[in-house]
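Below are the chains, spelled out letter by letter.
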Amino acid sequence: MPRLGVNIDHVATLRQARGGNLPDPVYAAFLAEQAGAQSIVAHLREDRRHIQDQDIKLLRKKIKTKFNLEMSIAPEISKIACSIKPYQATLVPEKRKELTTEGGLNVAANFKIVEAAIKKLKAAGIRVSLFIDPDKDQVNAAQKAGAKIIEFHTGRYALAKNPRQKEKFFNQLKHAVDYARAQGLAVNAGHGLDYANVRRIAQIQGIEELNIGYSIICKALYVGLFAAVKEMRNLIS
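Residues numbered from 1 in each chain as written. Predicted model: local features only at pLDDT ≥ 70, side-chain atom pairs only at ≥ 80, totals over all residues. Heavy atoms only, no water.

Caption draft 1: Looking closely at the packing of aromatic side chains. Tallied over the entire structure, the rule returns two aromatic pairs. Taking the centre distance of 6.1 Å and the plane angle of 50° together, the rings of tyrosine 157 and phenylalanine 170 count as tilted. You can see tyrosine 157 sitting in helix H7 (residues 155-158) and its partner phenylalanine 170 sitting in helix H8 (residues 163-182), a full 13 residues away along the chain. Overall, the relative accessible area of 5% leaves tyrosine 157 in the buried class. The ring of phenylalanine 170 has arginine 200 sitting right over it, with the charged end atom 3.7 Å from the ring centre. A cation over a ring is seen here: lysine 219 above tyrosine 195, with NZ or CZ 5.2 Å from the ring centre. (Phe/Tyr/Trp six-rings, centres within 6.5 Å; stacked < 30°, edge-to-face > 60°. Helix = DSSP H or I, 4+ residues; strand = E, 2+ residues; numbered from the N terminus. Buried < 20%, exposed > 50% of the residue type's maximum accessible area, 1.4 Å probe, protein only. Lys NZ or Arg CZ within 6 Å of the ring centre and 35° of its normal.)

Structure representation (C-alpha cells):
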C-alpha cells in the first residue's frame, strides 16, 4: 500500500490569518506522525503565505519520519533548501495569485532551469522529486533532467465534474504510472485527494506515496488531527 505524506501548510495558513503563534505547524507534524503519517510535507512559497523559514528549520530538527520540502525552482528557495537539507525536495510550479497549485511543473518547457536545480539539490545530498502532470512527455523530460522520483498531479481526477471525466482522468493517471515505472522512476501522487476519492487512487499498483493536506486539515476541525490522519491512513491501507 502507498505511504501517507501529510501536508501541514494549512495549519500555518490559519496561524498567519491572525499573525500569532497558534496553531503550531510543528506540533501538527508531531501529531500527524503519531497518527501514522510516514512523511511530513511543507511548501515554502516565495510569498511566504503560510509556511515560514523558521517553520522549516524547526521541522527539519523535530520530524522523526521524513521531511519533504515542496519548493519552486527560484534560486533563493534552492539556497534555503541546500542549507536546511530536508530528506526530500519536491519541485513544484508556483504562481503568486493562485489559491493552490494549479497543475504540474512543465519540465519540458523549463528543462535547463529544472536540470540545474536538480543538480544543485543533489549536490547537497537531497533527494529530488518533480511534481508533474500524468503525461509521457513530462515523464521523459523529468527523467532526462535527472529526477529519480516524480509525483503525479491528481487534481484533474479529484475535480472531475462527472463520472465520464473521472474515469478518463483515472485511466490517464494509471497509464502514466505504468509508463513511469517502466522507465525506472519512483512514483508518488497527490493534490485534491480526500476521504471520498483516495481509496481508488491508493489501489493503483506502483504508487509509492500519497501526499495529502487540505482535506486532512479540514477533517481535523471536526475530529482532531490525530483522528483525521488515522482515518486517512486506514482508507489508504
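Caption draft 2: Examining the side chain of asparagine 197 more closely. Along the chain, asparagine 197 turns up in the loop between strand S7 (186-190) and helix H9 (198-202). The exposure class assigned to asparagine 197 is buried, which follows from its relative accessible area of 8%. Within polar-contact distance, the side chain of asparagine 197 engages the backbone oxygen of glycine 192 at 3.3 Å. (Polar contact = N/O pair within 3.5 Å; in protein donor to acceptor, adjacent residues only side chain to side chain.)

Caption draft 3: Main features of empty space enclosed by the protein. One pass over the full model with this rule turns up one cavity of 30 Å³ or more. Size it by volume and the largest cavity reaches roughly 40 Å³. Along the walls of the largest cavity sit Pro134, His153, Thr154, Arg156, Tyr157, Phe169, Gln172 and Leu173, which together make up its complete lining. Contributions of two or more residues to the lining of the largest cavity are made by H7 and H8. Considering every element that reaches the lining of the largest cavity, the biggest residue donor is H8, with three residues. (1 Å grid on protein atoms, 1.4 Å probe; cavity = no way out; pocket = protein on both sides within 12 Å on 5 of 7 lines; lining within 4 Å. Points joined across faces, edges and corners; volume = space filled by probe spheres on them.)

Caption draft 4: Quick look at the pairing of strand S5 (residues 127-132). Among the six residues of S5, five are classified as buried, and the element is accordingly described as predominantly covered. Bridge count for strand S4 (residues 88-91) against S5 is four bridges, and the pairing is parallel. Paired with glutamine 88 across the strands is arginine 127, a residue of S5. Relative to strand S6 (residues 149-153), S5 runs parallel, the two sharing four bridges. Pairing of serine 129 across the sheet is with isoleucine 149, part of S6. One crossover worth recording links S5 to the parallel S6 by way of helix H6 (residues 136-145), and it is right-handed. (Pairing = 2+ DSSP bridges. Right-handed = clockwise from strand over helix to strand, strands pointing away.)

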